[in-house]
Each structure stands twice: as C-alpha cells, then as structure tokens.
Amino acid sequence: MKKLLFVLLVITLAVSLLIGCNPVTPGEGEGEGEGEGKIAFVSLRDGNFEIYVMNADGSNQTRLTNNPDGDEEPCFSPDGTKIAFVSDRDFEIYIMNADGSNQTRLTNNLAGDWSPCFSPDGTKIAFSSTRDGDYNEIYIMNADGSNQNRITYDPAEDGAPCFSPDGTKIAFESERDGDFEIYVMNADGSNQTRLTNNPTGDVWPCFSPDGTKIAFASLRDGDPEIYVMNANGSNQTRITNNPAYDGHPSWGP
C-alpha cells in the first residue's frame, strides 16, 4: 500500500516529524495561548513517539507527553491554547493544554481514530476513524468531543482531513479510485470532488492561508516530493526535487 510506504519512509528517515497542523506564530492570538510562536512535533528521541514543542527557531524543545505507548499527530488550535493529538495507548484522539497539562480523551470506541485537524474558528475537529467498519472515514466533532458525525461514506480509505481557511471546505486523501488521490468537499461532506489523478498516489493535502492553493505529497515522479496546485486541482507543480523523502507539507501564515 502506498500510504504504508510513506509511513515507513517517515519512521526510517526522520527522528523528529509531523509538524503541528496549525502553526501558531507571533501575533496570532497574542497573549491568549502558551502555543504562540511554537511548533509542535513528534520525536523518537526518548525511545517512543512523544509530542514536543519548540520555539520557531528550534530553541527550548520541551516534551509534553510521556507514556510507554507513544503519542503523535499533534495539531494546534488556532488560538494556540490547545493541542489535539492521537495516543497510541488506545488509538483515540486526545486534547491537552499547549503546555501539556490536562490531557483529556475526546473519542472512545474500539476502533482507531486518527489525524485530528481543528477548524479555523477552533470549534470543530475533523478526524478519520475506522469505527464503522470501513478502513477509514472522515468525521467531525465539536472541540470538546461531543456531536461526532461521519461525513464520508465510501468502502475505501478516506483520511488526512484539512480545513480551508474559511472553514467551508475540507481537503482529504482517498483511495476510492484504486490509489490515493486528493479530494475536496464541503465541510458537511457534500460535493466530494476529485482534484488529482495519477496511478502512483497523492496524499497529505494542506490548504494555503488564503485558500487559493493546496500543497500535497506525491510519488508520481518515483519518490515522495512536495507539489502545489490551485484549490480547484489545476496547475499541479512539483516544488521539491531530491532522491530522499519529502512529505507532510505545512504552510506558514
């Protein structure tokens, strides 16, 4: 499976990975959150996947989680006060304060929940789950874990949701056409539209801050590289070019 290849490349080639999905920069939510001007990331440096935070210049790297099963996929809330993440202790989505305190479980089912992503206003979290028997579907819940609703219905895998800056759209990856491609839909799950079309796989979509572009990773040229396209799928352009692994794009503000 192509996604498994990407995951193995991440684990093999990186010690620290997975920058937080909503970067918080100086001036955003000033005075509101511990996460102002920080980057959340995952590291194996202490023997298993744990979540850390650091200043944007790499200084003051601080471990936030500590459990023997591992924690990963951190995502800052837009105001920088919270971090949503996935815990390998039960493969559920948790939320914590930006300093690591008050770790609280948001989802609770026997299946796995993954890839949390805050809406731009911080009131919702999109995520993927296997709870309904499919390999992965996309759900939305309130930021406190209430009102969990499924918004994709396809027997193939749907995952890696990313809100548009205005909150009206969600970009995601799907294997419904035989390989991973990038799709976009309305935030309620309607009008699901395929944006990419190649036989090797496109994953990890991320909207630009103005909503006009989507960055993503692709194997189309033989190894994982970063591409950018217009939000309607046009003008797909490769922007990295090296034989090593490039993935998980994240836009600055």
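Residues numbered from 1 in each chain as written. Predicted model: local features only at pLDDT ≥ 70, side-chain atom pairs only at ≥ 80, totals over all residues. Heavy atoms only, no water.

## Some details on the sheet that holds strand β13 (residues 158-163)
Hydrogen bonds along the backbone pair up the strands of a sheet, which may run parallel or antiparallel.
Then, number 1: With respect to topology, four strands assemble into an open sheet ordered β13-β14-β15-β16, the strand pairing being antiparallel. Two strands bound the open sheet, and with one partner strand each, they are β13 and β16 (193-194).
Then, number 2: As paired strands, β13 and strand β14 (residues 169-174) are joined by four bridges and run antiparallel to one another. Within β14, the position partnered with Gly-159 by the bridge is Glu-173. (Pairing = 2+ DSSP bridges. Helix = DSSP H or I, 4+ residues; strand = E, 2+ residues; numbered from the N terminus.)

## Side note on the pattern of salt bridges
Then, number 1: Within the structure shown, the criterion is met by 14 salt bridges.
Then, number 2: The salt bridge partner of Glu-50 is Arg-63, with a shortest N-O separation of 3.4 Å. Of the two residues, Glu-50 sits in strand β3 (residues 50-55) while Arg-63 sits in strand β4 (residues 62-63), which places them 13 residues apart along the sequence.
Then, number 3: Where Asp-221 meets Arg-238, a salt bridge forms, and the shortest distance between an N and an O atom there is 3.1 Å. Taken together, the residues span a long stretch of sequence, with Asp-221 in the loop between β18 (213-218) and β19 (225-230) and Arg-238 in strand β20 (residues 237-238) at a distance of 17 residues.
Then, number 4: Taking the relative accessible area as the measure of exposure, Asp-221 reaches 40% and is therefore partly exposed.
Then, number 5: Looking at Arg-238, the relative accessible area reads 28%, which means it is partly exposed.
Then, number 6: Each of Asp-46, Glu-50 and Arg-63 takes part in salt bridges that share partners, so that together they form one network. (Salt bridge = Lys/Arg side-chain N within 4 Å of Asp/Glu carboxyl O. Buried < 20%, exposed > 50% of the residue type's maximum accessible area, 1.4 Å probe, protein only.)

## Quick notes on the packing of aromatic side chains
Then, number 1: Counted according to the given criterion, the structure contains seven aromatic pairs.
Then, number 2: Aromatic pair Trp-204 and Tyr-245: ring centres 6.5 Å apart, planes at 75 degrees, arrangement edge-to-face. Taken together, the positions of Trp-204 in strand β17 (residues 202-207) and Tyr-245 in the segment after β20 put the pair 41 residues apart, joining distant regions of the chain. The two residues Trp-204 and Tyr-245 agree in class, both being buried.
Then, number 3: On the numbers, 5.6 Å between centres and 20 degrees between planes, the contact of Phe-216 with Tyr-227 is stacked. One end of the pair, Phe-216, is in strand β18; the other, Tyr-227, is in strand β19, and 11 residues separate them in sequence.
Then, number 4: Sitting above the plane of the Tyr-52 ring, Arg-45 keeps its charged end 4.8 Å from the centroid.
Then, number 5: Note that Arg-176 overlies the ring of Tyr-183, its terminal NZ or CZ placed 4.9 Å from the centroid. (Phe/Tyr/Trp six-rings, centres within 6.5 Å; stacked < 30°, edge-to-face > 60°. Lys NZ or Arg CZ within 6 Å of the ring centre and 35° of its normal.)

## Looking at the confidence of the model for the chain
Then, number 1: Within the chain, residue pLDDT values average 88, and 87% of them lie at 70 or more.
Then, number 2: Low pLDDT (under 50) marks residues 1-20, which in the prediction has 50 contacts with non-local residues, meaning those over four places away or in another chain.
Then, number 3: When the criterion is pLDDT under 50, residues 25-32 qualifies, and its contacts beyond four places in sequence or with other chains add up to 15 contacts. (pLDDT = per-residue confidence, 0-100. Contact = heavy atoms within 4.5 Å.)

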